[in-house]
Amino acid sequence: GTTLSAAEVQKLIDVRTRRYDKSGEDHYNTVSAFIKTLRGSDPDAAMIWMYKMLESGEEPRFIFRRMAIFASEDIGNADPRALQFVVSAWQAFEFVGLPEGEYFLSHACTYLAQAPKSNAVTRAMNGAKRAIKQAPTLEVPNHLRNAPVKGMKEQGYGDGYQYPHDHDDAVVSANYFPIGMQPSDLYEPTDRGFEAEVRERMEKAKKVIRGSAS
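This section reports on the structure supplied with the text. A quick note: this is a predicted structure, and the numbers were derived from the prediction, not measured. (Residues numbered from 1 in each chain as written. Predicted model: local features only at pLDDT ≥ 70, side-chain atom pairs only at ≥ 80, totals over all residues. Heavy atoms only, no water.)

### So, the overall build of the protein
Within the protein, the secondary structure is distributed over nine helices and zero strands. When the helices and strands of the protein are listed from N to C terminus, the series reads α-α-α-α-α-α-α-α-α. Only carbon and sulfur atoms are counted for the fraction: they give 54% of the accessible area of the protein, which is about 13,600 Å². (Helix = DSSP H or I, 4+ residues; strand = E, 2+ residues; numbered from the N terminus. Areas by Shrake-Rupley, 256 points an atom, 1.4 Å probe, with all protein chains shown as cover.)

### Some points on helix α5 (residues 81-96)
Spanning 16 residues, α5 covers 22 Å between terminal C-alpha atoms, matching the ideal 22 Å at 1.5 Å per step. Looking at the buried positions of α5, the neighbouring elements they touch are α4 (60-75) and α6 (102-114). Trailing α5 by a residue or two, Gly97 shows a phi angle of about 75°, which is positive. (Expected span 1.5 Å × (residues − 1). Contact = heavy atoms within 4.5 Å.)

### Observations concerning the environment of Thr122
Tracing the chain through its elements places Thr122 in helix α7 (residues 120-134). Taking relative accessible area as the criterion, Thr122 reaches 16% and is therefore assigned buried. Taking the C-alpha atoms as reference points, Thr122 and Tyr187, separated by 65 residues in sequence, lie 8.8 Å from one another. Residues contacting Thr122, with those up to four places away along its chain left out, are Ser72 and Glu73. (Buried < 20%, exposed > 50% of the residue type's maximum accessible area, 1.4 Å probe, protein only.)

### Structural notes on the side chain of Asp79
Mapped onto the fold, Asp79 is located in the loop between α4 and α5. Once you skip the residues sitting within four places of it in the chain, Asp79 turns out to touch Tyr111, Ala115 and Pro116.

Remember, this is a structural readout, not a statement about activity or role.
This is the structure:
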(Lines give C-alpha, C1' and ligand atoms only; values in the text may rest on other atoms or scores of the structure.)
Protein backbone atom coordinates (compact mmCIF):
# COMPACT_ATOMS: atom_id res chain seq x y z
CA GLY A 1 0.00 0.00 0.00
CA THR A 2 0.98 3.65 -0.31
CA THR A 3 2.01 5.59 2.76
CA LEU A 4 0.93 9.21 2.89
CA SER A 5 2.76 11.84 4.87
CA ALA A 6 0.86 14.01 7.35
CA ALA A 7 1.13 16.94 4.92
CA GLU A 8 -0.35 14.85 2.07
CA VAL A 9 -3.22 13.67 4.28
CA GLN A 10 -3.97 17.27 5.25
CA LYS A 11 -3.88 18.27 1.58
CA LEU A 12 -6.47 15.57 0.74
CA ILE A 13 -8.72 16.76 3.57
CA ASP A 14 -8.38 20.36 2.40
CA VAL A 15 -9.33 19.41 -1.17
CA ARG A 16 -12.39 17.48 0.06
CA THR A 17 -13.47 20.34 2.29
CA ARG A 18 -13.06 22.86 -0.52
CA ARG A 19 -15.13 20.70 -2.85
CA TYR A 20 -17.81 20.45 -0.18
CA ASP A 21 -18.05 24.24 0.34
CA LYS A 22 -21.46 24.70 2.01
CA SER A 23 -22.69 26.99 -0.74
CA GLY A 24 -21.18 24.84 -3.50
CA GLU A 25 -22.60 22.18 -5.80
CA ASP A 26 -21.01 19.24 -3.99
CA HIS A 27 -22.77 20.27 -0.77
CA TYR A 28 -26.20 20.18 -2.42
CA ASN A 29 -25.42 16.97 -4.29
CA THR A 30 -24.31 15.24 -1.08
CA VAL A 31 -27.37 16.39 0.89
CA SER A 32 -29.54 15.17 -2.00
CA ALA A 33 -27.75 11.79 -2.01
CA PHE A 34 -28.24 11.49 1.76
CA ILE A 35 -32.00 12.18 1.63
CA LYS A 36 -32.58 9.97 -1.44
CA THR A 37 -30.65 7.14 0.20
CA LEU A 38 -32.72 7.41 3.41
CA ARG A 39 -35.85 7.38 1.23
CA GLY A 40 -34.51 4.32 -0.56
CA SER A 41 -34.11 2.52 2.80
CA ASP A 42 -30.36 1.81 2.59
CA PRO A 43 -28.87 2.58 6.04
CA ASP A 44 -25.35 1.61 4.98
CA ALA A 45 -25.10 4.07 2.10
CA ALA A 46 -26.93 6.72 4.17
CA MET A 47 -24.20 6.47 6.83
CA ILE A 48 -21.53 7.03 4.15
CA TRP A 49 -23.19 10.23 2.90
CA MET A 50 -23.78 11.48 6.43
CA TYR A 51 -20.16 10.95 7.44
CA LYS A 52 -18.97 12.58 4.24
CA MET A 53 -20.92 15.66 5.37
CA LEU A 54 -19.63 15.51 8.95
CA GLU A 55 -16.00 15.00 7.98
CA SER A 56 -16.26 17.87 5.50
CA GLY A 57 -17.20 20.16 8.39
CA GLU A 58 -20.99 20.14 8.05
CA GLU A 59 -22.86 21.50 11.07
CA PRO A 60 -24.51 18.49 12.84
CA ARG A 61 -27.63 20.58 13.54
CA PHE A 62 -28.09 20.99 9.77
CA ILE A 63 -28.15 17.19 9.45
CA PHE A 64 -30.62 16.87 12.32
CA ARG A 65 -32.86 19.50 10.67
CA ARG A 66 -32.85 17.54 7.42
CA MET A 67 -33.64 14.30 9.28
CA ALA A 68 -36.51 15.94 11.21
CA ILE A 69 -38.06 17.12 7.92
CA PHE A 70 -37.55 13.67 6.42
CA ALA A 71 -39.34 12.01 9.36
CA SER A 72 -42.58 13.81 8.44
CA GLU A 73 -42.09 14.18 4.69
CA ASP A 74 -41.09 10.61 3.86
CA ILE A 75 -42.20 8.48 6.84
CA GLY A 76 -45.11 10.30 8.48
CA ASN A 77 -47.65 7.99 10.11
CA ALA A 78 -46.10 4.85 8.65
CA ASP A 79 -43.95 5.18 11.79
CA PRO A 80 -45.12 8.10 13.98
CA ARG A 81 -42.17 7.46 16.32
CA ALA A 82 -39.69 8.56 13.65
CA LEU A 83 -40.10 12.29 14.33
CA GLN A 84 -39.98 11.73 18.11
CA PHE A 85 -36.87 9.62 17.60
CA VAL A 86 -35.02 12.31 15.64
CA VAL A 87 -35.99 15.02 18.14
CA SER A 88 -34.82 12.84 21.05
CA ALA A 89 -31.52 12.09 19.31
CA TRP A 90 -31.07 15.79 18.56
CA GLN A 91 -31.75 16.66 22.21
CA ALA A 92 -29.25 14.02 23.36
CA PHE A 93 -26.70 15.51 20.94
CA GLU A 94 -27.22 18.96 22.49
CA PHE A 95 -26.53 17.46 25.93
CA VAL A 96 -23.38 15.61 24.88
CA GLY A 97 -21.85 17.36 21.84
CA LEU A 98 -19.11 15.94 19.63
CA PRO A 99 -17.44 13.49 19.31
CA GLU A 100 -19.79 11.19 21.27
CA GLY A 101 -22.77 12.97 19.76
CA GLU A 102 -22.03 11.03 16.57
CA TYR A 103 -23.79 8.08 18.19
CA PHE A 104 -27.06 10.00 18.15
CA LEU A 105 -26.62 11.12 14.54
CA SER A 106 -25.88 7.53 13.52
CA HIS A 107 -28.76 6.15 15.58
CA ALA A 108 -31.23 8.57 13.99
CA CYS A 109 -29.83 7.98 10.48
CA THR A 110 -30.13 4.19 10.69
CA TYR A 111 -33.60 4.41 12.28
CA LEU A 112 -34.96 6.63 9.49
CA ALA A 113 -33.43 4.46 6.77
CA GLN A 114 -34.99 1.24 8.08
CA ALA A 115 -38.41 2.74 8.89
CA PRO A 116 -41.44 2.04 6.65
CA LYS A 117 -41.93 4.89 4.18
CA SER A 118 -44.97 7.01 3.35
CA ASN A 119 -45.38 10.41 1.71
CA ALA A 120 -49.10 10.54 2.63
CA VAL A 121 -48.59 13.53 4.96
CA THR A 122 -46.84 15.40 2.13
CA ARG A 123 -49.64 14.58 -0.33
CA ALA A 124 -52.32 15.65 2.18
CA MET A 125 -50.50 18.93 2.84
CA ASN A 126 -50.18 19.76 -0.86
CA GLY A 127 -53.77 18.68 -1.54
CA ALA A 128 -55.12 20.96 1.21
CA LYS A 129 -53.20 23.94 -0.18
CA ARG A 130 -54.53 23.26 -3.69
CA ALA A 131 -58.11 22.87 -2.42
CA ILE A 132 -57.92 26.21 -0.58
CA LYS A 133 -56.60 28.01 -3.68
CA GLN A 134 -59.41 26.61 -5.83
CA ALA A 135 -62.22 27.19 -3.30
CA PRO A 136 -64.61 30.07 -4.08
CA THR A 137 -65.11 30.58 -0.33
CA LEU A 138 -63.97 29.07 2.94
CA GLU A 139 -67.11 29.92 4.87
CA VAL A 140 -67.77 27.88 8.02
CA PRO A 141 -71.15 26.05 7.92
CA ASN A 142 -73.59 26.85 10.73
CA HIS A 143 -73.30 23.49 12.47
CA LEU A 144 -69.54 24.02 12.93
CA ARG A 145 -69.78 27.64 14.13
CA ASN A 146 -69.15 28.76 17.66
CA ALA A 147 -72.31 30.02 19.42
CA PRO A 148 -71.15 31.63 22.67
CA VAL A 149 -74.15 33.97 23.04
CA LYS A 150 -77.92 33.44 22.78
CA GLY A 151 -78.41 35.63 19.69
CA MET A 152 -75.98 33.55 17.69
CA LYS A 153 -77.81 30.34 18.59
CA GLU A 154 -81.05 31.91 17.36
CA GLN A 155 -79.33 32.65 14.04
CA GLY A 156 -78.56 28.96 13.70
CA TYR A 157 -74.92 28.98 14.84
CA GLY A 158 -74.07 25.49 16.04
CA ASP A 159 -77.46 24.19 14.89
CA GLY A 160 -77.30 20.54 13.83
CA TYR A 161 -73.91 19.82 15.38
CA GLN A 162 -73.66 16.31 16.80
CA TYR A 163 -71.15 15.70 19.60
CA PRO A 164 -69.09 12.69 18.39
CA HIS A 165 -68.39 11.42 21.94
CA ASP A 166 -72.10 10.67 22.35
CA HIS A 167 -71.98 8.15 19.49
CA ASP A 168 -70.45 4.73 18.79
CA ASP A 169 -66.71 4.94 18.10
CA ALA A 170 -67.00 8.74 18.57
CA VAL A 171 -67.89 9.13 14.87
CA VAL A 172 -71.04 10.67 13.35
CA SER A 173 -72.39 11.31 9.88
CA ALA A 174 -71.49 14.93 9.10
CA ASN A 175 -69.99 17.30 6.54
CA TYR A 176 -66.97 19.04 8.07
CA PHE A 177 -65.88 20.88 4.91
CA PRO A 178 -66.42 24.60 4.13
CA ILE A 179 -69.70 25.59 2.49
CA GLY A 180 -69.69 24.62 -1.18
CA MET A 181 -66.57 22.45 -1.01
CA GLN A 182 -67.01 18.81 -1.94
CA PRO A 183 -65.61 16.37 0.65
CA SER A 184 -62.41 14.83 -0.67
CA ASP A 185 -59.75 12.39 0.50
CA LEU A 186 -56.58 14.44 0.99
CA TYR A 187 -54.87 12.20 3.54
CA GLU A 188 -54.69 8.72 2.05
CA PRO A 189 -52.65 6.39 4.26
CA THR A 190 -50.55 3.68 2.66
CA ASP A 191 -50.66 0.04 3.75
CA ARG A 192 -47.08 0.30 5.08
CA GLY A 193 -46.15 0.18 8.75
CA PHE A 194 -48.54 1.76 11.28
CA GLU A 195 -50.40 3.48 8.44
CA ALA A 196 -52.04 0.15 7.58
CA GLU A 197 -53.84 0.37 10.94
CA VAL A 198 -54.61 4.07 10.38
CA ARG A 199 -56.03 3.26 6.94
CA GLU A 200 -58.33 0.57 8.31
CA ARG A 201 -59.62 2.88 11.08
CA MET A 202 -60.13 5.80 8.67
CA GLU A 203 -61.97 3.71 6.08
CA LYS A 204 -64.39 2.53 8.78
CA ALA A 205 -64.87 6.10 10.10
CA LYS A 206 -65.37 7.66 6.66
CA LYS A 207 -68.19 5.25 5.84
CA VAL A 208 -70.06 6.85 8.75
CA ILE A 209 -68.81 10.45 8.34
CA ARG A 210 -69.52 10.72 4.62
CA GLY A 211 -72.84 8.88 4.90
CA SER A 212 -74.84 12.12 4.63
CA ALA A 213 -72.07 14.46 3.46
CA SER A 214 -73.14 16.58 0.52
